[in-house]
Amino acid sequence: MTSDLFSSSAQTIALPGTNEQCTLHYFPYFLTATESDQLFAQLLENTPWQQSRIRIAGRTLPIPRLNAWYGDSGANYGYSGTRLPLNNWTPELMQLRQRVEAAANHHFNSALLNLYRDGNDSVAWHSDDEPELGLEPVIASVSLGAERRFQLKQKQGKERFELQLSSGALLVMAGATQILWQHQVPKERGAVRQRVNITFREVLQG
């Protein structure tokens, strides 16, 4: 990946009903088609994918997707009763991290990779609001592979918002988004190709 191909044109979206407290910065063409295809193939082949299990209502269940956690030393992270093994950055992810940091104007020390194998894989309504992410975390999400729907809804209120995230797109969620909103990638019917999503985060280290 080369920085001269980086597209800095972003759409700034103020989520409805939040007085611009919750902002999305959307880069639909952050990576070129060639870059997206190459990185997608590399991550599919080289990532140590695993299917985590989480605790829900007293039961331990496998999540409907595969995942992997990368980060700096000490950037440990978990959710819903599961702890993710920490992998060292690959050269490809390190280069992508640097470009995402420049676009988001924010430092990240870790990344969660999710592999959606088909339309049956999904992530349910949630917020990235774990204590180790801080009060108003900035979450930067890069999509590769199949286009999928990305939905948001207010925690208190009826407002909703949806984006179609295509391969090579970058979405940055900032401000109070994780405090006031939830998001999900719903299941989709039909033949849906594989998708890799990379969410960059800054884990607070004590």
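The paragraphs below set out a description of the structure included in this document. Every chain begins its residue count from 1, and numbering advances along the sequence as written. Given that this is a predicted model, residues contribute local features only at a pLDDT of at least 70 and side-chain atom pairs are listed and counted only at 80 or more, while totals for whole chains, interfaces and linings are drawn from all residues. Side-chain measures here rest on the full set of heavy atoms in the structure, leaving out hydrogens and waters.

Observations concerning a nonpolar patch on the surface
For patches, a residue must show more than 30% relative accessible area and have no salt bridge; joins then use 9 Å for like charges and 5 Å for nonpolar side chains, namely Val, Leu, Ile, Met, Phe, Trp and Tyr. Accessible areas in this description were obtained via Shrake-Rupley with a 1.4 Å probe; residue shielding takes into account the shown protein chains only. Each salt bridge in this description consists of a side-chain nitrogen of Lys or Arg and a carboxyl oxygen of Asp or Glu lying within 4 Å of one another. A surface patch of nonpolar side chains, amounting to about 280 Å² of accessible area, comprises Leu135, Ile179 and Leu180. You can see leucine 135 is positioned in the loop between strand 10 (123-126) and strand 11 (139-145). By definition, any uninterrupted DSSP run of H or I lasting at least four residues is a helix, any uninterrupted run of E lasting at least two residues is a strand, and each is numbered from the N terminus.

Thoughts on helix 1 (residues 33-46)
With 14 residues, helix 1 ought to run about 20 Å at 1.5 Å a step, and its terminal C-alpha atoms sit 20 Å apart, in line with that. Considered for burial, the residues of helix 1 that qualify are Glu35, Ser36, Leu39, Phe40 and Leu43. Along helix 1, the residues classed as buried sweep out an arc of 125° about the axis, all on the same side. Counted as exposed and oriented over 90 degrees from the buried face of helix 1: Ala33, Asp37, Glu45 and Asn46. Between two residues, a contact is recorded if the distance between any of their heavy atoms is within 4.5 Å. The inward-facing, buried residues of helix 1 abut helix 2 (91-104), strand 9 (110-116), strand 11 and strand 16 (195-201). By this rule, a helix spans an expected 1.5 Å times one less than how many residues it contains. The rule is simple: take the accessible area with a 1.4 Å probe, protein chains only, and divide by the maximum for that residue type; under 20% is buried, over 50% is exposed, in between is partly exposed. Here the arc refers to the directions that run from the helix axis out to each C-beta atom.

Points about the environment of asparagine 76
Within the fold, asparagine 76 resides in the loop between strand 5 (66-71) and strand 6 (78-79). Given the relative accessible area of 38%, asparagine 76 is considered partly exposed. Here asparagine 76 is in contact with Trp69, Arg83, Leu86 and Val203, once residues within four sequence places are set aside.

Considering the packing of aromatic side chains
In this analysis, rings of Phe, Tyr and Trp, with Trp reduced to its six-membered ring, are considered paired at centre separations within 6.5 Å, and the interplanar angle assigns stacked below 30 degrees, edge-to-face beyond 60, and tilted for intermediate values. Summed over the entire model, instances satisfying the criterion amount to four aromatic pairs. Each ring, one from tryptophan 89 and one from phenylalanine 200, has its centre 6.3 Å from the other, and the planes form 10°; the classification is stacked. Of this pair, tryptophan 89 sits in the loop between strand 8 (86-87) and helix 2 while phenylalanine 200 is found in strand 16, placing the two residues 111 residues apart along the sequence. Neither tryptophan 89 nor phenylalanine 200 differs from the other in exposure class; each is buried. Centroid distance phenylalanine 108 to phenylalanine 200: 6.2 Å. Interplanar angle 50°. Geometry classified as tilted. In this pair, phenylalanine 108 sits in the loop between helix 2 and strand 9 while phenylalanine 200 sits in strand 16, placing the two residues 92 residues apart along the sequence. Comparing phenylalanine 108 with phenylalanine 200 shows no difference in burial state: the two are buried. Through a chain of ring-to-ring contacts, three or more aromatic side chains come together here, namely Trp89, Phe108 and Phe200. Geometrically, a charge over a ring is one whose NZ (Lys) or CZ (Arg) sits within 6 Å of the ring centre while staying within 35 degrees of the ring normal. Seen from the ring of phenylalanine 30, arginine 99 lies directly overhead, with NZ or CZ sitting 5.6 Å from the centre.

A closer look at the nonpolar core
Counting residues in each nonpolar core, the largest one holds 29 residues, and the members touching the most others are Leu96, Val100, Val142, Leu144, Ile198 and Phe200. Mapped by element, the contributors of at least two residues to this core are helix 1, strand 5, helix 2, strand 9, strand 11, strand 14 (170-175) and strand 16. The element best represented in this core is helix 2, accounting for four residues. Among buried residues, those of type Ala, Val, Leu, Ile, Met, Phe, Trp, Tyr and Cys that are joined through side-chain atoms within 4.5 Å constitute a nonpolar core. Counting residues in hydrophobic clusters, the runner-up holds 18 residues, among them Leu24, Leu152, Leu163 and Leu171.

Looking at the environment of aspartate 128
You can see aspartate 128 is positioned in the loop between strand 10 and strand 11. On the basis of relative accessible area, aspartate 128 is assigned to the buried category, the value being 4%. In this structure, aspartate 128 is in contact with Leu133, Pro137, Ile139, Met173, Gln178, His183 and Arg201, ignoring residues within four places of it in sequence. A 3.5 Å cut-off defines polar contacts: any pair of N or O atoms within that distance qualifies, except that in protein one atom must be a possible hydrogen donor and the other a possible acceptor, and neighbouring residues in sequence count only when both atoms are side-chain atoms. For aspartate 128, the side chain forms a polar contact with the side chain of histidine 126, separated by 3.5 Å.

Brief notes about the sheet that holds strand 11
Here, a strand pair is defined by DSSP locating no fewer than two bridges between the strands. Strand order in the open sheet made by the eight strands is 1-2-14-11-16-9-5-8, with mixed pairing throughout. Of all strands in the sheet, those bounded by a partner on one side alone are strand 1 (11-14) and strand 8. In terms of strand pairing, strand 2 (residues 22-27) meets strand 14 through six bridges, oriented antiparallel. Bridging across to strand 14, histidine 25 finds its partner in valine 172. Relative to the sheet, helix 2 contacts strand 2, strand 5, strand 9, strand 11, strand 14 and strand 16, its axis offset from that of strand 16 by approximately 60°. Lines fitted to C-alpha atoms define the axes, with helix axes restricted to the stretch in contact, and inter-axis angles between N-to-C directions lie between 0 and 180 degrees.

Everything listed here is a matter of coordinates, which is why it stays silent on function.
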